[in-house]
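Structure at a glance
Here are the chains, one letter per residue:
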Amino acid sequence: MKKFINASIYGVPESSEILIENDRFKAIGHHLPDADEVIDLEGRFVLPPYVDPHLHLDYIFSGLGEGNANVSGTLFEGIQRWSDNKKSLTEEMVRERAIKGIQKELSKGVQYIRTHVDITDPHLTGMKALVKLREELKDIVTLQLVAFPQEGFFRYEGAEDLMDRALEMGADVAGGIPHFEISYEQGVESLKRIVDMAIKYNAMIDIHCDENDDPNSRFLEVLNALVMEKNYGPYTTASHTCSFGSVENSYANKMLGLFRESQINFISCPTENAHLQGRGDTYPKRRGLTRVKELLNNGNHVAFAQDSIADYWYPLGNGNMMNILDNGIHLAHYTHIDELHKAFDLITYHGANIMRVHDDYGIEAGKPANFIVLDARDSYEAIRERAEVLASVRNGDYLFKREPRKNEVEIDFLKQ
Ligand SMILES: [Zn+2]
């Protein structure tokens, strides 16, 4: 048995010790029984691993190199550039890219990743590579795969059949991109078929939904209605929904009531959408975010995600969820002290609920011993200082452990 003492545990203020037997938490509390190994955390902040529920591992680093930059900075140029590039894609290339991306995220405390995988490819190259990787890496990272019709469910010939095959191969989630179809009607029809297909395969749903500034883009309303009728809201996620940040309040209030009923989930990608959206605006300039705070207050799960790492859509990104959280809470005005105390939910528990891994997630007796340690005392200090992850533990063992930063040379007058 292993015991971590002097921990400041997120959401469990009354406990300071964690006892682990084999790969599971045995007990959380005070004055727990002795263990063979005792690790003193010296008051540091402990929380469940970061969750990144929206990433594109098959594109990672595709935007690096001469001539690869997205000149206009828009979603549509990103899709065109990827479409040209992916014709020469091999399984090996996807595997290499994905491993680099996973390494980046793991090294920053992420242990759960939902990745979209482009299936508008006759060979399903990305899906084949990632299905293998999901199994190969399952002891160090929980990967979920979304069958994502990047070039459109109808717009790309044969996408419907490819999506069916991807789900048959074991994709966990059915994706979609209705705002990219050529008409509103086709967008609606794509959602109907995707929802039916997901239910047929017992898969979850995660749609790139209204990723634009158009207040009249109303696929969120359609998606919500479809899954509400089938009681499928908790299995469904609307990603992005940037346009919901631009709609009029009376419409938003009506929709919030319906979201409360359906219990549909939301994922917002604050850095990516701050970069992509508002490109047609002069001033005031919109910031690409959905109504994060209102959705949270409404009782819906909302998670933040990285989305891209140096691909055709976004030139930055490094898998650092603290950076995503920091940007997201600023853009969403989620910065009241009470909000800061629970803001980590946006990159931990909410994402776990959205991925529906919540039964095995969290610092509780009986659950897999997965957690991270931050160089801070509590959530407020961790966010204010953008605290670094000092350790990541998976199934009771360290994935990594590092020393807190120290100065090699001390500034003289600061010496005590
Ligand atoms: Zn995406």
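About the thresholds
- Residues numbered from 1 in each chain as written.
- Predicted model: local features only at pLDDT ≥ 70, side-chain atom pairs only at ≥ 80, totals over all residues.
- Heavy atoms only, no water.
- Helix = DSSP H or I, 4+ residues; strand = E, 2+ residues; numbered from the N terminus.
- Rg over C-alpha atoms; globule rule 2.2 N^0.38 Å.
- Buried < 20%, exposed > 50% of the residue type's maximum accessible area, 1.4 Å probe, protein only.
- Domains from an automatic or database assignment.
- Contact = heavy atoms within 4.5 Å.
- Buried area = accessible area lost by both parts, 1.4 Å probe.
- Polar contact = N/O pair within 3.5 Å; in protein donor to acceptor, adjacent residues only side chain to side chain.
- Nonpolar A, V, L, I, M, F, W, Y, C, P; charged D, E, K, R; others polar.
- Donors = N, O, S within 2.8 Å, 3.2 Å for Na, K, Ca; no water.
- Pairing = 2+ DSSP bridges.
- Axes fitted to C-alpha atoms, helices over the stretch in contact; angles between N-to-C directions.
- Phe/Tyr/Trp six-rings, centres within 6.5 Å; stacked < 30°, edge-to-face > 60°.

**Structural notes on the overall build of the protein**
- A count of helical and extended segments in the protein gives 13 helices and 15 strands.
- In terms of overall dimensions, the protein is globule-like: its C-alpha atoms have a radius of gyration of 21 Å, near the 22 Å expected for 416 residues.
- Seen along its three principal axes, the alpha-carbon backbone of the protein occupies a region of about 65 × 50 × 45 Å.
- A total of 416 residues make up the protein; the buried ones form 57% of that total.

**Brief notes about the domain arrangement of the protein**
- Examined at the domain level, the protein breaks down into domain 1 (2-48 + 362-401) and domain 2 (50-358).
- Computed from C-alpha atoms alone, the centre-to-centre distance between domain 1 and domain 2 is 30 Å.
- Contacts between the two partners involve 24 residues from domain 1, matched on the other side by 26 residues from domain 2.
- Taken together, both faces of the contact between domain 1 and domain 2 bury some 1900 Å²; the carbon and sulfur share is 58%.
- In this assembly, domain 1 and domain 2 are joined by 13 residue pairs in polar contact (both at pLDDT 80 or more).
- Of the residues contributing to the side of domain 1 that touches domain 2, the split by class is 16 nonpolar, five polar and three charged.

**Things to note about the coordination of the zinc ion**
- The protein atoms that coordinate the zinc ion are His54 (NE2), His56 (NE2), His208 (NE2) and Asp307 (OD), at distances of 2.1 to 2.7 Å.
- Along the chain, the residues donating to the zinc ion fall in the pattern H-x1-H-x151-H-x98-D. Within this pair, whereas histidine 56 is found in the loop between β5 (50-55) and α1 (75-85), its partner histidine 208 is found in strand β9 (residues 204-209), the two being separated by 152 residues in sequence. When sorted by exposure, histidine 56 lands in the same class as histidine 208, which is buried.

**Side note on the sheet that holds β9**
- Taken together, the eight strands give an open sheet; going across it, the order is β5-β6-β7-β8-β9-β10-β11-β12, and neighbouring strands pair in parallel fashion. At either end of the open sheet lies a strand with only one pairing partner, and these are β5 and β12 (302-304). Neighbour to neighbour, the strand axes of the sheet diverge by 20° on average, direction disregarded.
- Sheet topology note: the strand β7 (residues 142-148)/strand β8 (residues 173-176) ladder contains two bridges and is parallel. The residue bridging alanine 147 from the neighbouring strand is alanine 174, located in β8.
- Along the sheet, helix α4 (residues 159-169) makes contact with β7 and β8, crossing β8 at roughly 155°.

**Focus on the side chain of arginine 44**
- With respect to the helices and strands, the residue arginine 44 is situated in strand β4 (residues 37-47).
- The exposure class assigned to arginine 44 is buried, which follows from its relative accessible area of 16%.
- At 3.3 Å, the side chain of arginine 44 forms a polar contact with the side chain of aspartate 375.
- For arginine 44, the residues in contact, after removing those within four places along its chain, are Asn6, Ala7, Ser8, Val373, Leu374, Asp375, Ala376, Leu390 and Pro404.

**Focus on the packing of aromatic side chains**
- The final tally for this structure, using the stated rule, is 19 aromatic pairs.
- Ring centres 6.4 Å apart and planes at 5° place the aromatic pair tyrosine 50 and phenylalanine 344 in the stacked group. Here phenylalanine 344 lies in the loop between α11 (337-342) and α12 (349-354) and tyrosine 50 lies in strand β5, a separation of 294 residues in the sequence. A single burial state applies to tyrosine 50 and to phenylalanine 344, both of which are buried.
- Ring geometry for phenylalanine 76 and phenylalanine 180: centres 5.9 Å apart, planes at 20°, overall stacked. In this pair, phenylalanine 76 is assigned in helix α1 and phenylalanine 180 in the loop between β8 and α5 (184-201), connecting sequence segments 104 residues apart.
- When its relative accessible area of 8% is taken as the criterion, phenylalanine 180 is described as buried.
- Ring-pair connections join several aromatic residues into one group, and the members of that group are Tyr10, Phe45, Tyr50, Tyr112, Phe344, Tyr349 and Tyr361.

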